[in-house]
Amino acid sequence: MSVTLPSQAEMVVIGGGIIGTSLAYHLTKLGKRDVVLLEQGTLSCGTTWHAAGLVGQLRAHPNMTRLIRYSTELYASLEAETGLATGWKQTGSLTVARTPERMTQLKRTASAARAQNVAIDILTPEQAGEKFPIMRTDDLVGAVWLPGDGKANPADITQSLARGARNRGARIFERTRVTGIRTDRGRVTAVETDQGAISCEKIAICAGQWSRAVGAMCGVTVPLHSAEHMYIVTGRIEGVAPSLPVMRDPDGFIYFKEEVGGLVMGGFEPNAKPWGMGGIPYPFEFQLLPDDWEQFEILMKNALHRVPALETADIKTFLNGPESFTADNNYILGEAPEVRNVFVAAGFNSMGIASGGGAGKALAEWMVEGAPSLDLWPVDIRRFARFNGNDAWLKDRVTEVLGLHYAMPWPNRELESARPFRRSPLYDRLAAKRAVFGSKMGWERPNYFARCEDEKTIRYSYGKQNWFEAVGEEHRAAREAVALFDLTSFAKFMLQGRDAVQALNAISANEIDVPIGQTVYTPLLNARGGFESDLTVARLATDQFLIITGTAQATRDADHIRRHLPPEARATLIDVTSAYAVLGVMGPKARNLLSRVTTSPLAHEAFPFGAIREIGIGHATALAARRSYVGELGWELYVPTEFAGLVHDTLVAAGLDLCLRDAGYYALNSLRIEKGYRAWGAELTPDVTPWQAGMGFAVRSGKPGGFIGTEALQAARQSPLSKRLISFRAVDSETPMAWGGEMIAADGRPVGEVTSAAYGYTLGAICGLGWVNRPDGPVDEAWLATHRFSIDIAGATVPIEVSLKPFYDPSSQRVRM
């Protein structure tokens, strides 16, 4: 341990658990030697020491799986480098199913695993019992086996990582508490401790459940909350050997692993117990909370059922240790949008050991290179906003989040706690029409409109859910008549100033310097040529641009734009999301409807696609942009919030005889998928280029001055497109439902993964978008035509037609059947 605290360092890591030591290790591995790690107690004394140490590789997002697979490789090799063991054992893991619905989910998991090249086998109950002999199997439907999973010793990994970091020059200071963080002009400048201050260039907050308080020292929001997490450790049990695999019984909310001839048994109960509402105490080293057998009862009851030997086993330890959880059950990683050069890695939701190696590597690359090396959106700190740091909201949400680990991951499952949260000015009107709301970035958004009271409660399943027919009617209204969508949750920004056009053009792949009254769809790219975002820009004046982007991307896109505005630029970005409601009027009768409520000319010659005009709508005035995300004629109306109700009522009254129908996001999704429209975060990610995504039409390669990503796109254009986005449609109309994540196969061989899927009510079959890879040449129509494609839906092989073009194309008046 280092003794004298330096007065300056290039990088300071706050927190000495597995995450902080992993980050220090990887920073030094990237050549950074001037790294200081500060720990208020001793290494691993907060949460790491009492973690269960389970390492399960597979995650819904391929890059999250990649990071955990790296963790397993690191833990397996670290002892050879540092001389300190990590306790890593590749025991494999079992996940068992008590119900047919859970078995369907596990089969879907197997499909996703194969798409991500993760070894997995589907087992019978008898085969599962052979791998975990002390388990009761007579009530099981089946199981899955992942041979690459395992377990490790968290404290040992931490010490090994710390030694590796020290060996390459990092200095570690225990018993050094951070008391403040200094900033100047929006950048971090120093860390204050009870042993003195350290001037620095960058810091990383890896302080576990203290991270929220540490972030608050410099105005950074780290939205996590602590909850009690409990498990027991038994004495020796006959039949338990060191080679026993990890076993998860999610229907019972429980897990098991071997520990010195006995078992560790814990779980994730559906209704968790938040902790630390008054702040996390200091000091709190190697401390536990009081036993709570009442809270643990549901886990113990299910464990006794699954492993009857527990009835006579000696309970050596009841361990109740607090851990930090986030609002969506994914951890928090990345550079904080509020203060430059402040990075965060925290809120690991009981997955810190599995994720620690990969997360440390990913954040180290981000800190050194100035940008992440791969798509990290599922864990990006910018998926949250400052309002997500509200104490009461986090407390209520974490009660539900802990149980998500083993809850059924139903398609389109919505969280129920701490809602309703953000509400459109039309919320009450739509609720009165039986709108069934979903939540995104806190916004209550209509998913669909129930036709009767029974449809207001979603009956989740992997088949056609009980909203299927209602959404079909909304979908057909947009295709055949006119539908009204509440799109208020769109994030909206105003960029203005004399340098606005130059600043925006430098970060936009498309040409932004267009005439006043025109909108432009444009990607925002990174230096690798991948999508940082995609958005619509409307030029309202010479020096004023309205930017419309996705609901979830509000914090991310604002941060991306602001960090790329030149310091000397006369341009200011203002968040105007709450200033405007947005109504989408979509369908072949959209012009008929609007013409009844406005005197403005709407004919194509007067109001062409992409135009934006200020128009009257009844007694109100709004901006109307002729754009559509459903593949039909349509306008988006940007309405000052105070006029939203008036405009809505005016449109509804005028559309009675046009079969106007309210429609929600489920219909919007099926409409856009039929038309092949991409969505950021699903098809468009930081890892893919416009060429691969079929979005080259939105790139102006030759525009003066270029744009971020120009060089990467030029280089990528010289190489064959061996990875491309395709549209698909099931050959048969009666197939299982696809929801995304399914494996795509060519002649039975895995070649890709579905990114978005829905039932195409116009096409009469499931349809979707997905990535396919061809290692030996370009993916083109000729290659696609020479193979038989299918998708794997819970073990069922579903033949599909594939194309680089959408199967629904109204511009050519044809549906490719």
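Look up: the structure comes first, before these words.
These remarks concern the structure in this document. (Residues numbered from 1 in each chain as written. Predicted model: local features only at pLDDT ≥ 70, side-chain atom pairs only at ≥ 80, totals over all residues. Heavy atoms only, no water.)

## Examining the sheet that holds strand β32 (residues 634-640)
Then, in step 1: Taken in spatial order, the six strands of this open sheet run β30-β31-β32-β29-β23-β33, and their pairing is mixed. Looking at strand neighbours, the two that pair on one side only are β30 (612-617) and β33 (661-663), the edges of this open sheet. Across the sheet, the mean angle from the axis of one strand to that of its neighbour is 30°, orientation sign disregarded.
Then, in step 2: Across three bridges, the pairing between strand β31 (residues 620-625) and β32 is antiparallel. Its bridge partner lying in β32, Ala625 is registered against Glu636.
Then, in step 3: Along the sheet, helix α11 (residues 468-480) makes contact with β23 (483-486), β29 (580-586) and β33, crossing β33 at roughly 115°. (Pairing = 2+ DSSP bridges. Helix = DSSP H or I, 4+ residues; strand = E, 2+ residues; numbered from the N terminus. Axes fitted to C-alpha atoms, helices over the stretch in contact; angles between N-to-C directions. Contact = heavy atoms within 4.5 Å.)

## Topic: the pairing of β31
Then, in step 1: Counted residue by residue, β31 has five buried out of six residues, so it is predominantly covered.
Then, in step 2: Inspection of the sheet shows β30 paired to β31 by six bridges, in the antiparallel sense. The residue of β31 that forms the bridge with Ile612 is Ala625.
Then, in step 3: Two successive antiparallel strands, β30 and β31, enclose a turn made up of two residues, where Gly618 displays a positive phi of approximately 60°. (Buried < 20%, exposed > 50% of the residue type's maximum accessible area, 1.4 Å probe, protein only.)

## Quick look at the packing of helix α1 (residues 18-29) against helix α8 (residues 352-369)
Then, in step 1: Between α1 and α8, whose axes approach to 8 Å, the crossing angle comes to 40°. Here α1 is positioned oblique relative to α8, judged by the angle of their axes. Two packed elements cross with a definite hand, and for α1 against α8 that hand is right-handed. Contact with α1, carried on its side by Ile18, Ile19, Ser22, Leu23, His26 and Leu27, involves Gly352, Ile353, Gly356, Gly357, Gly360, Lys361, Leu363, Ala364, Met367 and Val368 of α8 and no other residues of that element.
Then, in step 2: Taken together, the residues of the contact of α1 with α8 break down into nine nonpolar, six polar and one charged. (Parallel < 35°, antiparallel > 145°, perpendicular 65-115°, else oblique. Left-handed = near helix turned anticlockwise from the far one by under 90°. Nonpolar A, V, L, I, M, F, W, Y, C, P; charged D, E, K, R; others polar.)

## Observations concerning the pattern of salt bridges
Then, in step 1: Taken as a whole and assessed by the stated rule, the structure comprises 43 salt bridges.
Then, in step 2: Here Asp251 makes a salt bridge to Arg102, at a shortest N to O gap of 2.9 Å. Taken together, the residues Asp251 in the loop between β13 (246-249) and β14 (254-259) and Arg102 in helix α3 (residues 100-115) connect sequence positions 149 residues apart. Take Asp251 and Arg102: they sit in the same class, and that class is buried.
Then, in step 3: Between Arg774 and Asp776 there is a salt bridge; the shortest N-O distance is 3.0 Å.
Then, in step 4: The structure contains a network of salt bridges with shared partners spanning Glu335, Arg340, Asp380, Arg382, Glu532, Arg556, Asp559 and Arg563. (Salt bridge = Lys/Arg side-chain N within 4 Å of Asp/Glu carboxyl O.)

## Digging into the pairing of strand β37 (residues 765-773)
On a regular strand, each side chain points to the face opposite its neighbour's, so the side chains alternate between the two faces of the sheet.
Then, in step 1: Among the nine residues in β37, eight count as buried, and that is most of the element.
Then, in step 2: Note that strand β34 (residues 723-730) and β37 share seven bridges and pair antiparallel. The residue of β37 that forms the bridge with Phe728 is Gly768.
Then, in step 3: As paired elements, strand β36 (residues 749-760) and β37 share eight bridges and run antiparallel to each other. Each bridged residue has a counterpart across the sheet, and for Gly760 the counterpart in β37 is Ala765.

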